[in-house]
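Structural characterization, general
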Amino acid sequence: PAAIEKSFRELNRTGLFQNLRMVPEAEKGDQVRLDVTVEEGKTKEFGFGLGYASYFGGMVSASYRDLNFLGHSRPFSINLEVSQKSFNGEILYTDPWWFDTDYHFQIRLYANNEYLKGYSAFELGIQPTVSRDITTHWTVSAFVLAKYVTTYDIDIEPASLVGQDDYS
């Protein structure tokens, strides 16, 4: 029963199914017949948003998500947000069964450009993450974050208070 429950949770977590049922039936000789009923859900979504924040001003966002990227049940998403003080973009790819194991892999590529009070900053980064569930309630993750940041349009005096112009 624990293995069936784990499989059910794992399949349900993919978001690929609108309806998912698993019914175990005992058979002779310590065997179990598992009747699985699935109804495929929508795997692609587009989203658009409008908003306002007191600091960032007016905002427009757009997103695309595909839960079955290239037909391999691997989620892929793109998110963009533009405000009066910033531009943010992100591409995210997830592999819940990395190399057909219990390890999860995720890679995030992102860019942020913000017009802040006294200076502006541009950041470009990549973050691969590997994780594994060690119990039903605990997950262990390891990641590397590599990013490049540059500051410009500095109005702060003296400019040394801002720090380096470019750093990784």
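Described in the following lines is the structure provided in the data block. (Residues numbered from 1 in each chain as written. Predicted model: local features only at pLDDT ≥ 70, side-chain atom pairs only at ≥ 80, totals over all residues. Heavy atoms only, no water.)

Along its 12 residues, helix α1 (residues 2-13) runs 16 Å from first to last C-alpha, staying within 8% of the 16 Å computed at 1.5 Å per residue. Backbone geometry just after α1 places Gly 15 at a positive phi near 75°. (Helix = DSSP H or I, 4+ residues; strand = E, 2+ residues; numbered from the N terminus. Expected span 1.5 Å × (residues − 1).)

Our next topic: the packing of aromatic side chains. Enumeration according to the criterion identifies six aromatic pairs in this entry. Look at Phe 69 and Tyr 93: their rings are 6.1 Å apart centre to centre, the planes differ by 70°, and that puts the pair in the edge-to-face class. A residue pair is termed long-range when its members are at least 10 positions apart, and Phe 69 in the loop between β4 (57-66) and β5 (76-83) and Tyr 93 in strand β6 (residues 86-95) qualify at 24 residues. The exposure class assigned to Phe 69 is partly exposed, which follows from its relative accessible area of 24%. Exposure remark for Tyr 93: the relative accessible area of 24% places this residue in the partly exposed category. Measuring from centroid to centroid gives 5.0 Å for Trp 98 and Phe 99, while their planes differ by 35°, and the two rings are tilted. Arg 132 extends its terminal NZ or CZ atom over the ring of Tyr 103, reaching a point 5.0 Å from the ring centre. (Phe/Tyr/Trp six-rings, centres within 6.5 Å; stacked < 30°, edge-to-face > 60°. Buried < 20%, exposed > 50% of the residue type's maximum accessible area, 1.4 Å probe, protein only. Lys NZ or Arg CZ within 6 Å of the ring centre and 35° of its normal.)

Here the focus is the pairing of β4. Looking along a regular strand, one sees the side chains alternate between the two faces of the sheet. Direction of pairing for strand β3 (residues 44-53) relative to β4: antiparallel, over a ladder of 10 bridges. Bridging across to β4, Ala 53 finds its partner in Gly 57. The hairpin formed by β3 and β4 contains three residues between the paired strands. (Pairing = 2+ DSSP bridges.)

Moving on to the pairing of strand β2 (residues 31-40). Relative to β2, strand β1 (residues 17-27) is paired through 10 bridges, and the arrangement is antiparallel. For Ala 26, the partnering residue across the bridge sits in β2 and is Val 32. Two successive antiparallel strands, β1 and β2, enclose a turn made up of three residues, where Gly 29 displays a positive phi of approximately 75°.

On to the pattern of salt bridges. All told, the structure shown has 10 salt bridges when counted by the stated rule. Between Arg 33 and Asp 35 there is a salt bridge whose closest N-O contact spans 3.1 Å. On the accessibility criterion, Arg 33 (41% relative accessible area) is partly exposed. Relative accessible area serves as the criterion here: at 33%, Asp 35 is assigned to the partly exposed category. The residue Glu 45 makes a salt bridge to Arg 65 at a minimum N-O spacing of 3.3 Å. Within this pair, whereas Glu 45 is found in strand β3, its partner Arg 65 is found in strand β4, the two being separated by 20 residues in sequence. Among the ionic contacts, a cluster of salt bridges with common partners joins Glu 27, Arg 33 and Asp 35. (Salt bridge = Lys/Arg side-chain N within 4 Å of Asp/Glu carboxyl O.)

Turning to unusual backbone geometry, a few remarks are in order. The linkage connecting Glu 157 with the following residue, Pro 158, adopts the cis geometry, with an omega of -10°. On the secondary structure map, Pro 158 appears in the loop between β10 (146-152) and β11 (166-167). In this model, Phe 99 sits at a positive phi of 50°, which is unusual for a non-glycine residue. With a relative accessible area of 66%, Phe 99 lands in the exposed category. The phi dihedral of Asp 153 is positive, around 50°, even though this residue is not glycine.

What follows is about the environment of Val 82. Tracing the backbone shows Val 82 in strand β5. Residue Val 82 is classed as partly exposed on the basis of its relative accessible area, which comes to 40%. Sequence separation between Val 82 and Val 60 is 22 residues, and the spatial gap between their C-alpha atoms is 5.3 Å. Each residue touching Val 82, except ones within four places of it in the same chain, is listed here: Gly 58, Met 59, Val 60 and Phe 87. (Contact = heavy atoms within 4.5 Å.)

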